[in-house]
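Chain and residue survey
Chain by chain, the residues run as shown.
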Amino acid sequence: MVGADGSGRATPGVRPSKRRQELELKGDPEPEEVTAGGGARPAKGLACTWRMAGLGGLPAREAHGLVLSEVQQGARPAPRRAGTQGKFLRERGFPYGSLRASERVALFSPSLVCDPVPSCGDSTASGLSDSEESVFSGLEDSGSDSGEDGEDGEDEGSCDEGHRGPEETSGGQAQADAPGPRTEMARPPSGDEYVEDSSDEEDIRNTVGNVPLEWYDDFPHVGYDLDGRRIYKPLRTRDELDQFLDKMDDPDFWRTVQDRMTGRDVRLTDEQVALVQRLQRGQFGDSGFDPYEPAVDFFSGDIMIHPVTNRPADKRSFIPSLVEKEKVSRMVHAIKMGWIQPRRPQDHTPRFYDLWAQENPNAVLGRHRMHVPAPKLALPGHAESYNPPPEYLPSEEERLAWVQQEPEERKLNFLPQKFPSLRAVPAYRRFIHERFERCLDLYLCPRQRKMRVNVDPEDLIPKLPRPRDLQPFPTCQALVYRGHGDLVRCLSVSPGGQWLASGSDDGSLRLWEVATARCMRTVPVGGVVKSVAWNPNPTICLVAAAIDDAVLLLNPTLGDKLLCSSTDQALSAPTPPEEPALQPARWLEVSEEERQAGLRLRVCHGKPVTQVTWHGRGDYLAVVLATPGHAQVLVHQLSRQRTQNPFRRSHGQVQRVAFHPIRPFLFVASQRSIRVYHLLRQELTKKLMPNCKWVSSLAVHPTGDNIICGSYDSKLVWFDLDLSTRPYKVLRHHKKALRAVAFHPRYPLFASGSDDGSVIVCHGMVYNDLLQNPLLVPVKVLKGHTLTRDLGVLDVAFHPTQPWLFSAGADGTVRLFT
């Protein structure tokens, strides 16, 4: 570096700028100067060697401190071993591994360090050595006083010992004279050494670089300093109360901020606070900057013959651009293909226009033709007169009645009064209010003549066939079957339609002849008969009845003796296996006395049985148990006397079950839903939602595609399985809870019995055409049962061949409607 006096050293007290250093460091290395001590002084060549050795990327003060730390020890550094040299540089963060071999030798050769003893020539030319020059330049000594250097000194000694040790062992590089004293660091003659600093480097203590400080959230430190030591976070053990007390006591608390790089509290100066306030107000940071100063017109607006610059014109200014040509060709192709739509011409039609400008005045629905003038106020009558006739004046009773009436109910909104003369009439208090209401009526109420549609009310009613056209169906009561001592809960008709079975709360099961209403047989069962079902197989004569926790299978022994004998033979056919399997129900033989009464088998379940129903072929029997859990529905096989539980878990309390008449489906009705299960696949097929509070009964259409269910909230719901899982129709003809519903096996009829004592017969035609919806028409209301204990009709059943209907009531009778 060239000083102010023209020598190769800097002038004391003046620090060269960074730009000047970089310009000098980029120059060619100068030849070394030989000193009296036999060493060499690098002058400008030292910094250039750092550039060549790969250290040019480091700040100048760190590069000076690396080598001059050896100079200030008072001894000449001798060449080190390769491992020692690498460790020396790696400890200080220098990229020693990226240097070539020749650069490593040149870096640690004796020519790179200067003799600590100044020569006479140097002292005469300038009173400072290179080491002293580095001190005035603001370069600090990176000594080995840290803990890491101390630990390394255990292996290879301190820096001074490491410098002197090789010099004592090698004879070729020993000094002739004894080493002089250490060079004293001279102080700058003036005050601040950074007064003339033109460097734009920032004094950054934390050297972690441009990394997120969130990485150090889990560590006790926030970064590293220049020597590689950790910068620890300040201990913050103060709670919110201490911070509040500091806020109250410290007058400078409002200007104290936390430095995120070091974690310490920094107090802002007045200049910094003023700068922040100017930035918050949207002003410029420099207070002396004038944003409104007059602009300087550097170029004149006059046309001149000579150009502003003498720069020759570019080639691209007069030669067409190939890139622009390619862009234009692409845009033309896109416009041809329709990918780019040209700008549409602007529509200059006004946004606001006359709504009735294009109106045809001769139109039938024209505005002027359909206009209705505002109604005129009615002329005042005798009641509004100031001297009305005596018959218009109200009496005291009429006055009190008028006051007590609502304003909408009054015939007149005022009371007629009599005055001696027109001059004595006071001002009307509601005059302004009524005029305002009149104005509102005039311009707010729309008045237009509307086309009235003349619709016959009869056309709005759907075209239903007459009940006379839907015959036959039961219309009147024909027979009454009397004999039960308590309410009759259930009944069932034989497949041939000749016999009728009914169960009652009096503990008996009665068998009737349909045509004569004669009781053919009474079977005492010793309990309440909850359900009874006649086997639909015409080749056997068998009745199943649910009593308490058992299902009794009876042979009524009515009709053909050959039929009765085949029934007994079918029940005694199966032979039990040697090791009976564990079943949820027990099949028991009856005693001889019970056999004489007609009983054949007893199936015990352990839980109360509420319903029993047969499959269409007569071999399977399904029962419903009044128990929580998955064992509410059991299926019995009559031919093998086996019982199985088809379900593994429960979906609510089961109310009713029914078999599909043709396909292997089982309908299970709970309180709120009806589930359809496929017995062969053992899976759920559909879930029907009747939208009822409590389902009470269930019936399946003979074709199997439609079902009806009754509920305790007086609803009858029809489901079309091919249409939806929602109800097709909901009928609310009954006033009380529905107890039973039934389909006729042959005729398009279905019936429902309710607690209101009535039976409603409806016509339900299901068409083979899937596009035509079922036709539901109520045709007859049948009454005859008397209400007992708020109960009416408990069960209904159709005759298998005739359009007859049987009903069982709470009055202890069974009635036949034909």
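**Brief notes about the overall build of the chain**
A count of helical and extended segments in the chain gives 17 helices and 35 strands. Per-residue burial for the chain yields a buried fraction of 36% across its 818 residues. Restricting to contacts in the chain with at least 6 residues of sequence separation, those with at least 24 account for 50%. Put simply, the chain shows about 53000 Å² of open surface, and 53% of that area lies on carbon and sulfur atoms.

**Things to note about the pairing of strand β26 (residues 706-711)**
Within β26, six of the six residues are buried, which leaves it mostly tucked inside the rest of the structure. Of the two faces of β26, the one carrying N706, I708 and G710 and the one carrying I707, C709 and S711 are both buried. Where strand β25 (residues 695-700) lies against β26, five bridges are found, and the strand directions are antiparallel. Across the sheet, V700 pairs through a bridge with I707, a residue of β26.

**Digging into the confidence of the model for the chain**
When the pLDDT values of the chain are averaged, the result is 75; 72% of them are 70 or greater. Low pLDDT (under 50) marks residues 1-82, which in the prediction has 164 contacts with non-local residues, meaning those over four places away or in another chain. The low-confidence segment residues 197-201, where pLDDT is below 50, has seven contacts with residues more than four positions distant or belonging to other chains.

**Brief notes about the environment of P628**
Structurally, P628 is set in the loop between β18 (620-625) and β19 (633-637). C-alpha of P628 to C-alpha of G652: the two residues are 24 residues apart in sequence and 8.0 Å apart in space.

**A closer look at the sheet that holds strand β23 (residues 674-678)**
Pairing within the open sheet is antiparallel, and its four strands lie in the order β21-β22-β23-β24. The outermost strands of the open sheet, each flanked by one partner alone, are β21 (654-659) and β24 (683-688). For this sheet, the mean inter-axis angle between neighbouring strands, taken without regard to orientation, is 20°. Note: β23 against β24, five bridges, orientation antiparallel. Paired with R675 across the bridge in β24 is K687.

**A word on the packing of aromatic side chains**
As enumerated under the stated definition, the model contains nine aromatic pairs in all. Relative to Y712, the ring of W694 lies with its centre 6.3 Å away and its plane at 65°, an arrangement referred to as edge-to-face. Of the two residues, W694 is situated in the loop between β24 and β25 and Y712 in the loop between β26 and β27 (716-720); the sequence distance between them amounts to 18 residues. Through a chain of ring-to-ring contacts, the aromatic side chains of Y481, W512 and F806 assemble into a single cluster.

**Points about the sheet that holds strand β10 (residues 508-513)**
Sheet strands pair via backbone hydrogen bonds, and the direction of the pair is either parallel or antiparallel. Strands sit in the order β8-β9-β10-β11 across an open sheet of four strands; the sheet is antiparallel. In the strand order of this sheet, the two ends are held by β8 (488-493) and β11 (518-524), each with one partner. Strand-to-strand twist in this sheet, taken as the mean axis angle between neighbours without regard to direction, amounts to 20°. Bridge count between strand β9 (residues 499-504) and β10: five bridges; the pairing is antiparallel. Bridging from a neighbouring strand, G503 pairs with L509 of β10.

**Description of the environment of C762**
Along the chain, C762 turns up in strand β31 (residues 758-765). We classify C762 as buried; its relative accessible area is 4%. For C762, the contacting residues outside a window of four places in its chain are P748, L749, F750, V777, P778 and V779.

**Let's talk about the pattern of salt bridges**
By the definition in use, this model includes 14 salt bridges. The shortest N-O distance in the salt bridge between E683 and R681 comes to 3.7 Å. In this structure, the salt-bridge partner of R739 is D755, at a minimum N-O distance of 3.0 Å. A residue pair is termed long-range when its members are at least 10 positions apart, and R739 in strand β29 (residues 738-743) and D755 in the loop between β30 (749-754) and β31 qualify at 16 residues.

**A look at unusual backbone geometry**
Put simply, Q471 and P472 share a cis peptide bond, and its omega is 10°. Tracing the backbone through its elements, the reader meets P472 in the loop between α15 (457-460) and β7 (477-482). The phi dihedral of R789 is positive, around 60°, even though this residue is not glycine. Summarising the element assignment, R789 is placed in the loop between β32 (775-783) and β33 (793-798).

**With respect to the side chain of H785**
Here H785 lies in the loop between β32 and β33. Residue H785 is classed as buried on the basis of its relative accessible area of 8%. Side-chain polar atoms of H785 contact the side chain of S807, separated by 2.6 Å. A distance of 3.5 Å separates the side chain of H785 from the side chain of R815, its partner in a polar contact. Sequence-distant contacts of H785, that is, excluding residues within four places in its chain, are made with G757, V793, S807, A808, G809, D811, T813 and R815.

**Quick notes on the side chain of D720**
In this structure, D720 sits in strand β27. Of the side chains bearing the opposite charge, K686 lies closest to the buried D720, which forms no salt bridge; the N-O distance is 7.4 Å. When sequence neighbours within four positions are dropped, the list of residues in contact with D720 reads D705, N706, Y728 and P774.

Conventions and cut-offs
Numbering of residues begins from 1 in every chain and follows the order in which that chain's sequence is written. Residues qualify for local features only when their pLDDT is at least 70, as the model is predicted, and side-chain atom pairs are given and counted only at 80 or more; totals for whole chains, interfaces and linings, by contrast, use all residues. Side-chain metrics in this entry use all non-hydrogen atoms of the structure; hydrogen atoms and water are not considered. Put simply, DSSP H or I for four residues or longer makes a helix, DSSP E for two residues or longer makes a strand, and each gets a number counted from the N terminus. Exposure is judged per residue with a 1.4 Å probe applied to protein chains only, and the accessible area is read against the type maximum: over 50% gives exposed, under 20% gives buried, and values in between give partly exposed. Residue contacts are defined here by distance: any two heavy atoms, one from each residue, within 4.5 Å place the two residues in contact. Residue burial considers only the protein chains on display, and all accessible areas are found by Shrake-Rupley using a 1.4 Å probe. Should DSSP find at least two bridges between two strands, the strands are regarded as paired. What pLDDT conveys is the predictor's confidence in a given residue, as a value from 0 to 100. In this analysis, axes come from line fits to C-alpha atoms, helices being fitted only over the stretch in contact, and the angle between any two N-to-C directions falls in the range 0 to 180 degrees. Here is the rule: rings of Phe, Tyr and Trp (six-membered ring for Trp) pair when centre to centre is within 6.5 Å. Planes less than 30 degrees apart are stacked, more than 60 are edge-to-face, and the remainder are tilted. Salt bridges are defined as contacts in which a side-chain nitrogen from Lys or Arg sits within 4 Å of a carboxyl oxygen from Asp or Glu. Each polar contact in these results corresponds to two N or O atoms within 3.5 Å; when the atoms are within protein, one needs to be able to donate a hydrogen and the other to accept it, and residues that are neighboring in sequence are counted only if both atoms are side-chain atoms. For the purpose of charge, His is not counted, nor are the chain termini; Lys and Arg are scored as positive and Asp and Glu as negative.

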